[in-house]
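Report on the structure
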Amino acid sequence: VTALLTLRLLHERGALQGLDARVVLASDEEQGSPTALPVLRSAAEGADVALCFEAARPCGGLVVARKGYGAVRVKVEGKTGHAGIAHDTTVNAFSALCAFVTEAERLEAHHEGLTISPGGPVTSSPGSVNQVPDQASCDLEFRFATEPAGQDTWERLRALAARVEGETGARFVLQGGVECPPMARGARSDRLLASYIDAARSLG
């Protein structure tokens, strides 16, 4: 609403004459814009400036760079059985998932600024504690500063899943990957920021 009202006021005052302004409203930004990203890419073709109508940081700071985003659904399949009678013939899918998650977080050491956050809806079945779970799953997101770091992290996660498969006998399926590229800070964004600061100062 703020964005559209601002643009309407600027238009009524003639401030948008000669400009080709394109407005994209995206409802899936928190999920990495899986449906909006192609629309955003199309709207950005030939654009000189891109602005996001979103609140500044709590301190008032403007965002001129942000990390890229990846999302992964981790599914593990093992072999169930009675925890007491058939324990030696089972493959605990939940234990394998835990081993994967613990090692996945350690991948942060490979790239500066990389964060890996497992969580989301964590599932394990059968639900009875006396039955070894043969199904387990969780979500995992990772954020990265550069595109090569994002792709490398995705490849390392896949390699880790294969390694834990070999160590535990469980089967891993990883769905997802890199979803949104990072926005790197550069000379053009710095010039835009300087223009914004000048305008803010002129308004007191």
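The model shown is predicted, which means the values in this text are computed figures rather than measured ones.

1. Comments concerning the overall build of the protein
If you tally the helices and strands in the protein, you get five helices and four strands. What you see in the protein, going N to C, is helices and strands ordered as α-α-β-α-β-β-α-β-α. What you see for the protein is a C-alpha radius of gyration of 23 Å, clearly larger than the 17 Å of a compact globule of 204 residues, by over 25%. Based on the C-alpha atoms only, the size of the protein along its principal axes is roughly 80 × 30 × 30 Å.

2. Focus: the side chain of Thr-90
Mapped onto the elements, Thr-90 comes out in the loop between β1 (68-77) and α3 (93-105). In terms of polar contacts, Thr-90 uses its side chain to reach the backbone carbonyl oxygen of His-87, at 2.8 Å. When sequence neighbours within four positions are dropped, the list of residues in contact with Thr-90 reads Lys-79, Thr-80, Gly-81 and Val-132.

3. Brief notes about the sheet that holds strand β3 (residues 135-144)
Taken in spatial order, the four strands of this open sheet run β2-β3-β1-β4, and their pairing is antiparallel. This sheet does not close on itself; its edge strands, each paired only once, are β2 (115-125) and β4 (171-180). When the angles between neighbouring strand axes are averaged without regard to direction, this sheet yields 15 degrees. Where β1 lies against β3, ten bridges are found, and the strand directions are antiparallel. Within β3, the residue paired with Val-72 across the bridge is Leu-140. Set on the sheet, α3 makes contact with β1, β2, β3 and β4; between it and β3 the angle comes to about 10 degrees.

4. What to know about the side chain of Asp-134
Relative to the helices and strands, Asp-134 resides in the loop between β2 and β3. For the buried Asp-134, which has no salt bridge, the nearest side chain bearing the opposite charge is Lys-79, at an N-O separation of 10 Å. Beyond its immediate stretch of four places on either side in the chain, Asp-134 contacts Val-76, Glu-77, Gly-78, Lys-79, Thr-80, Val-91, Ala-93, Ser-125 and Pro-126.

5. Quick word on the environment of Leu-37
By the element assignment, Leu-37 lies in helix α2 (residues 37-44). Exposure remark for Leu-37: the relative accessible area of 16% places this residue in the buried category. In contact with Leu-37, other than residues within four places in its own chain, are Glu-179 and Pro-181.

6. Here we look at the pattern of salt bridges
Counting across every chain of the model gives eleven salt bridges. In this structure, Glu-77 and Arg-171 form a salt bridge, with 4.0 Å as the shortest nitrogen-oxygen distance. Linking Glu-77 in strand β1 with Arg-171 in strand β4, this pair joins segments that are 94 residues apart in sequence. Residue Glu-167 is joined to Arg-163 by a salt bridge in which the shortest nitrogen-to-oxygen separation is 3.1 Å. Of this pair, Glu-167 and Arg-163 both sit in helix α4 (residues 147-168), separated by four residues, roughly a single helical turn. Note on Arg-163: relative accessible area 40%, which makes it partly exposed. What emerges from the salt-bridge pattern is a single network uniting Glu-103, Arg-106, Arg-163 and Glu-167.

7. Observations regarding the environment of Arg-191
By the element assignment, Arg-191 lies in helix α5 (residues 187-202). By relative accessible area, which is 54% here, Arg-191 ends up exposed. As a C-alpha pair, Arg-191 and Val-1 span 190 residues in sequence and 27 Å in three-dimensional space.

8. Digging into the nonpolar core
Membership of the largest hydrophobic core comes to 27 residues, with the highest contact counts inside it found for Val-74, Phe-100, Phe-142, Leu-157, Phe-172 and Leu-174. For this core, the secondary-structure elements that each account for two or more residues are β1, α3, β3, α4 and β4. Discounting chain neighbours no more than four positions away, the residues touching Leu-174 are Val-72, Arg-73, Val-74, Phe-100, Trp-154, Leu-157, Arg-158 and Ala-161.

9. Considerations on a nonpolar patch on the surface
Taken together, the side chains of Val-49, Leu-51, Phe-53 and Leu-192 present a nonpolar region at the surface, about 400 Å² in accessible area. Secondary-structure assignment places Leu-51 in the loop between α2 and β1.

The rules we used
- Residues numbered from 1 in each chain as written.
- Predicted model: local features only at pLDDT ≥ 70, side-chain atom pairs only at ≥ 80, totals over all residues.
- Heavy atoms only, no water.
- Helix = DSSP H or I, 4+ residues; strand = E, 2+ residues; numbered from the N terminus.
- Rg over C-alpha atoms; globule rule 2.2 N^0.38 Å.
- Polar contact = N/O pair within 3.5 Å; in protein donor to acceptor, adjacent residues only side chain to side chain.
- Contact = heavy atoms within 4.5 Å.
- Pairing = 2+ DSSP bridges.
- Axes fitted to C-alpha atoms, helices over the stretch in contact; angles between N-to-C directions.
- Buried < 20%, exposed > 50% of the residue type's maximum accessible area, 1.4 Å probe, protein only.
- Lys, Arg positive; Asp, Glu negative; His and termini not counted.
- Salt bridge = Lys/Arg side-chain N within 4 Å of Asp/Glu carboxyl O.
- Core = buried A, V, L, I, M, F, W, Y, C linked by side-chain atoms within 4.5 Å.
- Patch = residues over 30% accessible without salt bridge, like charges linked within 9 Å, V, L, I, M, F, W, Y side chains within 5 Å.
- Areas by Shrake-Rupley, 256 points an atom, 1.4 Å probe, with all protein chains shown as cover.

Remember, this is a structural readout, not a statement about activity or role.
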